[in-house]
Amino acid sequence: MAPKWSNALQRKRSRYGPLPTTEDGVYVPSHRDDPSRRRRRILYAMMLAAFTFILFFVAWTRVGESSPRPATPCDSVEEGYICEPEISHFWGQYSEFFSVPSKIDDDVPDRCEITFAQILSRHGGRDPTASKTARYSAFVSELKSNVTTFKGKYAFLNDYEYTLGADQLTTFGEQGMVNSGIKFFNRYRKLASKATPFIRSAGQDRVVQSALNWTQGFHAAKTSKHIKDSAYPYNILTLPEDIGFNNTLSHGTCDAFENGPASEIGDDATSTWQSVFTPPIKARLEKDLPGTNFSLDQIVYFMDLCPFNTVASPTGKVSPFCALFTEAEWHEYDYYETLDKWYGYGTGNPLGPTQGVGWVNELIARLTHAPVQDDTNTNRTLDADPATFPIGKKNNLFADFSHDNDMSGIFAAIGLYNNTEPLSTTEVETTHETNGFSASWTVPFAARMYVEKMKCGRGKEEFVRVIMNDRVIPLQGCGVDKYGRCELSAFVKSLGFARSGGLWSQCYA
Ligand SMILES: *[C@@H]1O[C@H](CO)[C@@H](O)[C@H](O)[C@H]1NC(C)=O
Ligand SMILES: *[C@@H]1O[C@H](CO)[C@@H](O)[C@H](O)[C@H]1NC(C)=O
Ligand SMILES: *[C@@H]1O[C@H](CO)[C@@H](O)[C@H](O)[C@H]1NC(C)=O
Ligand SMILES: *[C@@H]1O[C@H](CO)[C@@H](O)[C@H](O)[C@H]1NC(C)=O
Ligand SMILES: *[C@@H]1O[C@H](CO)[C@@H](O)[C@H](O)[C@H]1NC(C)=O
Ligand SMILES: *[C@@H]1O[C@H](CO)[C@@H](O)[C@H](O)[C@H]1NC(C)=O
């Protein structure tokens with residue numbers, strides 16, 4: 001098997017228009033009065049206007065705290081998916097990308113210039129996987145055969161037909177990737193105006209399609225600034241996900257992780273939590289829907305139907321399934337998915353971080369323009385060839401496309417969430433308590449981690465910074481500064497786990 005080069009097809013899209021703006025009322029003074037009275041009236045009127053404005057502003061911010069934001073736009077380039085934020089940001093990895101709050105300003109600090117940018121991206125919104133879509137479909141028929149008439153907020157189920165596909169990117173998912181390409185170009189405009197990104201993708205169809213749509217957005221943003229882009233359509237190096245192919249964008253070759261005890265830790269954690277949070281939901285649903293008797297798995301399937309029907313809508317219109325569950329229940333669901341990422345693939349799994357080691361060693365090579373040094377899952381043939389792994393000084397823009405699980409291992413190999421305590425499997429923890437870790441904050445659809453290098457003032461050393469869905473993640477173990485950055489050499493030094501092979505020897509023990 002060899003990796004494939006695919007060519008992006010040029011396709012212009014203009015679906016991303018400007019955000020709607022609100023219109024301000026304009027005060028028109030009367031011309032009848034004498035000048036001094038007129039001035040006084042204007043003064044009073046201005047005071048009144050200012051007072052009214054303050055009142056409105058206070059009311060508006062209060063409203064923003066307690067009730068849903070306007071239902072449109074659900075999707076924008078900068079902020080991501082902001083439809084009914086109370087719940088749509090709590091769908092775990094089935095949330096659509098949204099701009100995650102950051103304690104540290106993610107703007108490039110003054111007097112600094114970006115010299116390198118790498119995006120590691122998840123594919124966009126997709127249909128359920130093939131095995132899940134079969135289970136959801138069976139669940140819906142079972143439910144509909146047990147309940148003859150659905151009433152109230154369940155009434156939509158009378159006409160609902162299960163029509164979701166399997167595994168593929170949805171139209172809304174494609175748009176999320178186009179948006180990501182635009183956003184990336186705009187953030188790194190100075191660098192991106194001159195450079196063409198070097199692009200790799202894990203081999204599954206939806207990932208390659210995501211990469212392709214991302215290039216469309218990047219290219220559209222570039223040409224909209226009247227910059228020539230003769231390299232477009234860009235090459236995409238596709239790395240097969242087949243077992244036996246060393247692929248840093250897809251796990252599978254570490255035996256103990258795939259088949260040993262480590263492979264069960266994630267499932268154990270989620271089933272413990274499932275047995276805590278789903279029974280009250282089951283009781284409520286069975287009371288609402290006489291004739292039903294749900295398994296605990298079916299409660300999760302019922303909830304899954306909310307995000308999947310939402311991303312199946314071309315505009316990301318929130319599905320009526322979503323309203324069947326309370327906000328607190330969505331937090332519990334989000335936490336269920338968080339536990340899966342943490343204990344299944346991330347820092348909470350003894351071999352999770354090991355799966356990300358190969359990619360981190362490739363990152364070091366890219367950051368330092370030195371050959372890859374790795375004995376884990378890198379493909380030595382590909383990484384030794386400048387055509388498939390360029391590391392020259394001019395190569396400073398990279399885009400890699402992968403999956404949520406693989407990205408979770410990579411975050412863990414960098415040590416981004418090393419100061420998060422082991423997660424409870426019996427009580428929801430907020431992102432405040434988990435130090436910023438949750439499935440929806442790290443690996444939603446179209447998730448993106450940026451690793452950027454910057455040069456500042458007359459300082460000799462470049463800095464490295466990591467930004468996770470717009471949230472600056474302060475680096476650890478390398479003398480982090482107030483911007484969340486470390487100097488390049490200190491950052492590389494802090495990656496000792498990856499540089500020393502990160503427990504790979506346990507893969508075949
Ligand atoms: C994504 O790419 C495909 C293939 O080029 C294209 O048909 C589709 O229109 C793109 N999607 C969007 C939202 O631009
Ligand atoms: C490594 O990549 C080469 C070149 O594409 C390919 O022929 C080979 O099968 C790959 N081997 C492994 C183990 O990944
Ligand atoms: C439907 O009813 C059957 C027979 O009572 C029961 O075994 C099954 O668990 C029910 N399923 C659902 C989803 O209510
Ligand atoms: C629901 O199904 C379970 C498992 O099949 C069964 O043990 C239980 O008795 C059923 N409950 C009702 C109320 O039918
Ligand atoms: C693939 O990875 C294994 C394990 O590290 C290694 O022994 C093998 O040489 C690698 N193959 C290639 C082509 O890189
Ligand atoms: C994160 O923790 C692991 C395990 O303790 C350790 O090996 C690694 O060096 C840490 N990484 C950082 C960046 O602190």
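Within an unreviewed UniProt entry, the label attached to the protein reads Phytase A, and the organism entered is Aulographum hederae CBS 113979. You can read under Subunit (unreviewed entry) in the UniProt record for the protein the words "Monomer."

Caption draft 1: Fine view of the nonpolar core. Core analysis: the largest hydrophobic core is formed by 126 residues, its most contacted members being Phe302, Leu416 and Met449. Element by element, the count of residues in this core is highest for helix H9 (residues 296-312), at 9 residues. Aside from chain neighbours lying at most four places away, what touches Met449 is Gln118, Ile119, Leu120, Trp359, Ile410, Phe411, Ile414, Leu416, Val466, Ile467 and Met468. With 8 residues, the next largest nonpolar core counts Cys254, Phe257, Tyr345 and Trp504 among its residues.

Caption draft 2: Broad picture of the packing of helix H8 (residues 265-288) against helix H10 (residues 327-344). The N-to-C vectors of H8 and H10 enclose an angle of 170°; their axes lie 8 Å apart at closest approach. Taken as axis vectors, H8 and H10 run roughly antiparallel relative to one another. Every residue of H10 that contacts H8 at Ile265, Gly266, Ala269, Thr270, Trp273, Gln274, Phe277, Ile281 and Arg284 is listed here: Glu329, Glu332, Tyr333, Tyr335, Tyr336, Leu339, Asp340, Tyr343 and Gly344. Classifying every residue of the contact of H8 with H10 by side-chain character gives 10 nonpolar, 4 polar and 4 charged.

Caption draft 3: Seen up close, the pattern of salt bridges. Summed over all chains, the structure comprises 18 salt bridges. Here Lys222 and Asp229 are joined by a salt bridge, their closest N and O atoms 3.6 Å apart. What makes Lys222 buried here is its relative accessible area of 2%. Residue Glu286 pairs with Lys282 through a salt bridge whose shortest N-O separation is 2.7 Å. Note that Glu286 and Lys282 are positioned in helix H8 at a spacing of 4 residues, about one turn of the helix. Taking relative accessible area as the criterion, Lys282 reaches 19% and is therefore assigned buried. Linked by salt bridges that have partners in common, Asp106, Arg187, Glu452 and Arg465 make up one network.

Caption draft 4: The state of the cysteines, seen in detail. Considering all chains together, one arrives at 5 disulfides under this definition. Between the sulfur of Cys254 and that of Cys507 lies a disulfide, 2.1 Å long from S to S. Its S-S torsion of approximately -95° makes the covalent link between Cys254 and Cys507 left-handed. Residue Cys254 is found in the loop between strand S6 (235-239) and helix H7 (255-259), and its partner Cys507 is found in the segment after helix H16 (496-499); the two are separated by 253 residues along the sequence. Each member of the pair Cys254 and Cys507 is classed as buried. Cys478 shares a disulfide with Cys486; S-S distance 2.1 Å. Taking the torsion about the S-S bond as the criterion, the Cys478 to Cys486 disulfide, at about 75°, is right-handed. Accessibility classification places Cys478 together with Cys486 in one group, the buried group. Cysteine pairing in the protein follows 1-2, 3-7, 4-10, 5-6, 8-9, where each cysteine in a disulfide is numbered by its order in the sequence.

Caption draft 5: Broad picture of the UniProt feature "active site" (unreviewed entry) in the protein. Mapped onto this numbering, the UniProt entry gives "active site" (unreviewed entry) at His123 and Asp404. In summary, the annotated positions, though distributed over 282 residues, converge in three dimensions, the widest C-alpha pair being only 8.4 Å. Inspection of the secondary structure puts His123 in the loop between strand S4 (112-122) and helix H3 (130-146). Excluding its chain neighbours within four sequence positions, the residues that come into contact with His123 are Met177, Arg206, Val207, Ser210, Ser402, His403, Phe445 and Ala446. Structurally, the position occupied by Asp404 is in helix H13 (residues 404-414). According to the relative accessible area criterion, Asp404 is buried, its value standing at 8%. Other than its neighbours up to four places away in sequence, Asp404 contacts Gln93, Arg122, Lys341 and Val443. Reaching out from Asp404, the side chain makes a polar contact with the side chain of Arg122 at a distance of 3.4 Å.

Caption draft 6: Broad picture of the confidence of the model for the protein. Confidence in the prediction for the protein averages 89 pLDDT; 85% of positions are at 70 or higher. Low pLDDT (under 50) marks residues 7-35, which in the prediction has 33 contacts with non-local residues, meaning those over four places away or in another chain. Confidence drops under a pLDDT of 50 for residues 57-71, and excluding neighbours within four residues, the segment shows 5 contacts in the predicted structure.

Caption draft 7: Spotlight on the environment of Ser230. With respect to the secondary-structure elements, Ser230 resides in the loop between helix H6 (205-224) and S6. Measuring from C-alpha to C-alpha, the distance between Ser230 and Thr196 comes to 9.5 Å, with 34 residues separating the pair along the chain.

Caption draft 8: The pairing of strand S8 (residues 448-456), seen in detail. Counting buried positions over the 9 residues of S8 gives 8, a clear majority of the element. For S4 and S8, the ladder comprises 9 bridges, and the chain directions are antiparallel. Considered in S8, the bridge of Ser121 is made with Arg448. Bridging between S8 and strand S9 (residues 463-468) involves 6 bridges; their strand directions are antiparallel. Looking at S9, one finds that Met454 is bridged to Phe463. Between S8 and S9, which pair antiparallel in sequence order, lie 6 residues; one of them, Gly457, sits at a positive phi of approximately 50°.

Rules and cut-offs
Counting restarts for each chain: residues are numbered from 1 in the order of the written sequence. Chain letters and ligand numbers both follow the written order, the letters beginning at A and the numbers at 1. Local features in this predicted model are restricted to residues of pLDDT 70 or higher, and side-chain atom pairs are both shown and tallied only at a pLDDT of 80 or more, whereas totals for entire chains, interfaces and linings draw on every residue. Each side-chain value is worked out from all heavy atoms of the structure, with water and hydrogens disregarded. UniProt positions are given in the numbering used here, feature names are shortened, and annotations may be inferred rather than shown by experiment. Nonpolar cores were defined as sets of buried Ala, Val, Leu, Ile, Met, Phe, Trp, Tyr and Cys residues, with membership established by side-chain atoms within 4.5 Å. Relative accessibility under 20% of the residue-type maximum defines a buried residue, over 50% an exposed one, and the middle range a partly exposed one, all with a 1.4 Å probe and only protein chains included. The helix and strand labels rest on DSSP assignments: H or I over at least four residues marks a helix, E over at least two residues marks a strand, and numbering proceeds from the N terminus. Contact criterion: two residues are considered in contact whenever any of their non-hydrogen atoms come within 4.5 Å of each other. Each axis is a line fitted through C-alpha atoms, and for a helix only the stretch in contact is used; angles between axes span 0 to 180 degrees, taken between their N-to-C directions. The labels follow the angle: roughly parallel below 35 degrees, roughly antiparallel above 145, roughly perpendicular from 65 to 115, and oblique for the rest. Lys, Arg, Asp and Glu make up the charged group, whereas Ala, Val, Leu, Ile, Met, Phe, Trp, Tyr, Cys and Pro make up the nonpolar group; the residues left over, Gly among them, are polar. We define a salt bridge as a contact between a side-chain nitrogen of Lys or Arg and a carboxyl oxygen of Asp or Glu at a distance within 4 Å. Note on disulfides: each one is a pair of cysteine sulfur atoms within 2.5 Å. Within 3.5 Å is the distance limit for a polar contact, defined as a pair of N or O atoms, with the added protein rule that one can donate a hydrogen and the other accept it, and that residues adjacent in sequence qualify only through two side-chain atoms. The pLDDT value tells you how sure the predictor is about a given residue, anywhere from 0 up to 100. Note on pairing: two strands pair once DSSP finds at least 2 bridges between them.

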